[in-house]
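Geometric and topological summary
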Amino acid sequence: MNEKFAVQILPYEKPIVDMVLIQLVYMEENLASTNKNEMLYIAHRMEEYTFHILDKEPKRGAGEKRLSAGELQFATDFYKSVESHFHQVAVRHMPRSCQNDENIRKVVPNLDSHVFVRAKENVAEFLISADHETINVAAGSVHMFKYRYVEPLVLEEFVELI
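Residues numbered from 1 in each chain as written. Predicted model: local features only at pLDDT ≥ 70, side-chain atom pairs only at ≥ 80, totals over all residues. Heavy atoms only, no water.

Quick notes on the UniProt feature "domain: DNA replication complex GINS protein SLD5 C-terminal" (unreviewed entry) in the chain
As a reminder of what qualifies: UniProt positions are given in the numbering used here, feature names are shortened, and annotations may be inferred rather than shown by experiment. Think of it this way: any DSSP run of H or I at least four residues long counts as a helix, any run of E at least two long counts as a strand, and we number them from the N terminus.
Taking the numbering used here, the UniProt-annotated feature "domain: DNA replication complex GINS protein SLD5 C-terminal" (unreviewed entry) corresponds to residues 109–162. This span, residues 109–162, is 17% helix and 43% strand, and a straight line between its end C-alpha atoms measures 18 Å.

Put into structure tokens, the structure is as follows:
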């Protein structure tokens, strides 16, 4: 559930990824019978935040990596492929000042979007704003916070996204 509702990619967990890979085989079989021009097919083939993920991953410490080696290779290959396609279709038609600036085309997650969380345990003095406001969160309680502030608790498994 956390991976589904997280604004950013969460750390790699091999057992969960293995389970998802099995599900992907099933999804690929279903997509094989879908019209290639339907939005469903296109949406299942797209990834939004590849540039952002590849930009952040090298800056993370050894214990903070969020991609496996295979995922990193896939993301890199996928990004290169998408950039090549975008260049051929659109970028080459843009003003020269925009053509070499990947940051203009970079899509980043909105860390200020709100998410719902359920506390798995008590959290005292939880920071809920840039103004250093804090609250005490009781185990089992449900709250809505900006993802920016709750991400550390998600990573430490004090709360779960719902």
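So, the packing of aromatic side chains
Defined as follows: Pairing of aromatic side chains requires ring centres within 6.5 Å, counting the rings of Phe and Tyr and the six-membered ring of Trp. Pairs whose planes differ by under 30 degrees are stacked, by over 60 edge-to-face, and all others tilted. The buried label goes to any residue with under 20% of its type's maximum accessible area, the exposed label to any with over 50%, and the partly exposed label to all in between, with areas taken from a 1.4 Å probe on protein chains only.
The tally for this structure, following the rule as stated, stands at three aromatic pairs. Judged by centre distance (5.4 Å) and plane angle (50°), the rings of Phe51 and Tyr79 are tilted. Here Phe51 is found in helix α4 (residues 50–56), whereas its partner Tyr79 is found in helix α5 (residues 69–89), with 28 residues between them in sequence. Residue Phe51 is classed as buried on the basis of its relative accessible area of 16%.

A few points about helix α8 (residues 147–155)
Inclusion rule: Any two residues whose heavy atoms approach within 4.5 Å are treated as being in contact.
Buried within α8 we find Tyr147, Tyr149, Val150, Glu151, Leu153 and Val154. Elements that come into contact with the buried residues of α8 comprise α1 (2–5), β1 (114–119), β2 (123–127), β4 (142–146) and β5 (159–161). Looking one or two residues beyond α8, the residue adopting positive phi is Glu157, at roughly 65°.

Topic: the pattern of salt bridges
The line we're drawing: Between Lys or Arg on one side and Asp or Glu on the other, a salt bridge is scored when a side-chain nitrogen of the former is within 4 Å of a carboxyl oxygen of the latter.
For the coordinates displayed, the defined rule picks out six salt bridges. Of the charged contacts, one joins Lys59 and Asp55 as a salt bridge, the two residues approaching to 3.5 Å between their closest N and O atoms. With a relative accessible area of 60%, Lys59 lands in the exposed category. Overall, Asp55 belongs to the partly exposed group, its relative accessible area being 25%. For Glu57, the salt bridge goes to Arg60, with nearest N and O atoms at 3.3 Å. Relative accessible area serves as the criterion here: at 18%, Arg60 is assigned to the buried category.

Let's talk about the nonpolar core
Heads up, the condition is: By convention a nonpolar core is built from buried Ala, Val, Leu, Ile, Met, Phe, Trp, Tyr and Cys residues, the set being connected through side-chain atoms within 4.5 Å.
Membership of the largest hydrophobic core comes to 17 residues, with the highest contact counts inside it found for Val115, Val117, Phe126, Tyr147, Val150, Val159 and Leu161. Of all the secondary structure elements, the ones that give two or more residues to this core are β1, β2, α8 and β5. Looking at this core, the element that brings in the most residues is α8, giving five residues. If we ignore the near neighbours within four places in the chain, the residues touching Tyr147 are Ala6, Val7, Gln8, Leu10, Leu111, Ser113, Val115 and Leu161.

Some remarks on the sheet that holds β5
To keep things clear, this is the line we draw: When DSSP finds two or more bridges between two strands, those strands count as paired. Geometry is summarised by axes, namely lines fitted to C-alpha atoms with helices restricted to the contacting stretch, and by angles between N-to-C directions that run from 0 to 180 degrees.
Across the sheet, which stays open at both edges, the three strands sit in the order β4-β1-β5 with antiparallel pairing between neighbours. Unpaired on one side and paired on the other, β4 and β5 mark the two borders of the sheet. Between one strand axis and the next, the sheet turns by 40° as a mean value, whatever way the strands run. Bridge analysis of β1 against β5 gives three bridges, and the strand direction is antiparallel. Its bridge partner being in β5, Val117 is matched across the sheet by Leu161.

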